Amino acid sequence: MAYSRVYVEITNICNMSCSFCHGHSRTKGMMSYEAFHAVLKELEGKTKYLYYHLMGEPLLHPELPRFLKAAKEQGFHSMITTNGTLLDRCGDVILEAGVHKVNISVHSLEDADGSRFCEYMKYVCDFAEKADRLGVIVVFRLWNSGYDEGLNDRVTLFLKNRLAGEWAENSRGVKIRNKLFLEWGDRFVWPDKEATLYSNDVYCYGMRDHFGILCDGTVVPCCLDSDGVITLGNLFETPLDEILSSPRAQAIKKGFECRTASEELCRRCGYAQRWSLGD
């Protein structure tokens, strides 16, 4: 089966502590190049699109350019989601290494003062301009509706003054240029063992069009299982095909096809409620 994307967490370490992020309680770590190369081998024929996170800031990984080059050589498209705070130092390097798309979570700067905000916005815009010239997709994300306290207006005004383009609105946000976008979204409740227990009527794309691989090789059914609660196996110990075809993995997939959650954690996920029955 081919998946639309796979989330490969190359590090679970972050340089920020944002209020919207669930965080995790796992041992901090970084995936080695040898381990990443093994992941690529296991993913051959399963997807073309790699997202370099579940938790963590991928630009912190010193081997990231090497990862990007290896993935490109093997026919994968690399998608990075970043808080953007390191783009002034790492931006040129990842563009040269062959990144396909960069999502910049500009809502990460929710507590920044005026001078820090302007400095940050200037270099993420500089990066976007360079990426645009190279044909790399860049999406500015404001996934914090209802919690922005004026940040979204500040960001949008800065981008309009800095980046000329179409500024054509659509259902998800704004198309600034052909490969440059501003995207809006609601803040959501992460799945957590202590979170609200919702109805069993749950629809999700986990295990249906994507899954995740934590930095220690643990395979999880979606990009929001930050603590690896639903552990399906470890691809450094068990072939990925065997993990994905296991009874537990298949139960998750078949359950969602019938709008039913086979795992309790999925019934405690606010994000999955977007597709629940009656929405």
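The following paragraphs examine the structure supplied in this document. Everything quoted here is computed from the prediction, not taken from an experiment.

## Points about the pattern of salt bridges
Argument step 1. Inspection of every chain in the model, using the stated rule, returns 17 salt bridges.
Argument step 2. R177 is the partner of D132 in a salt bridge, and the nearest nitrogen-oxygen pair spans 3.0 Å. Residue D132 is found in helix 4 (residues 114-134), and its partner R177 is found in strand 7 (residues 173-177); the two are separated by 45 residues along the sequence.
Argument step 3. Residue D132 is classed as partly exposed on the basis of its relative accessible area, which comes to 25%.
Argument step 4. Its relative accessible area of 16% is what places R177 among the buried residues.

## Quick word on the environment of H210
Argument step 1. You can see H210 is positioned in strand 9 (residues 210-213).
Argument step 2. For H210, a relative accessible area of 5% puts it in the buried group.
Argument step 3. Sequence spacing of H210 and L232 is 22 residues, and the spatial spacing of their C-alpha atoms is 14 Å.
Argument step 4. What H210 contacts, discounting residues up to four positions off in sequence, is Y3, R5, Y7, Y205, P221, C222 and C223.
Argument step 5. A polar atom in the side chain of H210 sits 3.4 Å from the backbone oxygen of Y205.

## Observations regarding unusual backbone geometry
Argument step 1. Phi is positive for W167, which is not a glycine, with a value near 55°.
Argument step 2. Mapped onto the secondary structure, W167 falls in the loop between helix 5 (151-162) and strand 6 (168-169).
Argument step 3. For R259, which is not a glycine, the phi torsion comes out positive at approximately 55°.
Argument step 4. Structurally, R259 can be placed in the segment after helix 7 (247-257).
Argument step 5. By relative accessible area, R259 is classed as partly exposed at 28%.

## Let's talk about the nonpolar core
Argument step 1. One finds V8, L43, Y52, I94, I104, F140 and F211 to be the most contacted residues of the largest nonpolar core, which totals 88 residues.
Argument step 2. For this core, the element with the most residues is helix 4, which contributes 9 residues.
Argument step 3. For Y52, the contacting residues outside a window of four places in its chain are V8, I10, F36, P58, L64, F67, L68, A71, S78, M79 and I80.

## Points about the packing of aromatic side chains
The description of two aromatic rings rests on the distance between their centres and on the angle between their planes.
Argument step 1. Taken as a whole and assessed by the stated rule, the structure comprises 10 aromatic pairs.
Argument step 2. On the numbers, 6.1 Å between centres and 85° between planes, the contact of F117 with F158 is edge-to-face. Of this pair, F117 sits in helix 4 while F158 sits in helix 5; the two residues are 41 residues apart in sequence, bridging distant segments of the chain. The burial state of F117 is the same as that of F158; both residues are buried.
Argument step 3. Note on Y203 and Y205: the rings are 5.4 Å apart at their centroids and 80° apart in plane angle, and the pair reads as edge-to-face.
Argument step 4. Residue classification places Y203 among the buried positions, given a relative accessible area of 15%.

## Notes on the environment of E57
Argument step 1. Inspection of the secondary structure assignment puts E57 in the loop between strand 2 (49-51) and helix 2 (64-73).
Argument step 2. On the basis of relative accessible area, E57 is assigned to the buried category, the value being 2%.
Argument step 3. Excluding residues that lie within four positions of it along the chain, E57 makes contacts with T11, I13, C14, N15, T82, N83, G84 and L86.
Argument step 4. From its side chain, E57 meets the backbone nitrogen of L59 in a polar contact 3.0 Å long.

What counts as what
Residues numbered from 1 in each chain as written. Predicted model: local features only at pLDDT ≥ 70, side-chain atom pairs only at ≥ 80, totals over all residues. Heavy atoms only, no water. Salt bridge = Lys/Arg side-chain N within 4 Å of Asp/Glu carboxyl O. Helix = DSSP H or I, 4+ residues; strand = E, 2+ residues; numbered from the N terminus. Buried < 20%, exposed > 50% of the residue type's maximum accessible area, 1.4 Å probe, protein only. Contact = heavy atoms within 4.5 Å. Polar contact = N/O pair within 3.5 Å; in protein donor to acceptor, adjacent residues only side chain to side chain. Core = buried A, V, L, I, M, F, W, Y, C linked by side-chain atoms within 4.5 Å. Phe/Tyr/Trp six-rings, centres within 6.5 Å; stacked < 30°, edge-to-face > 60°.

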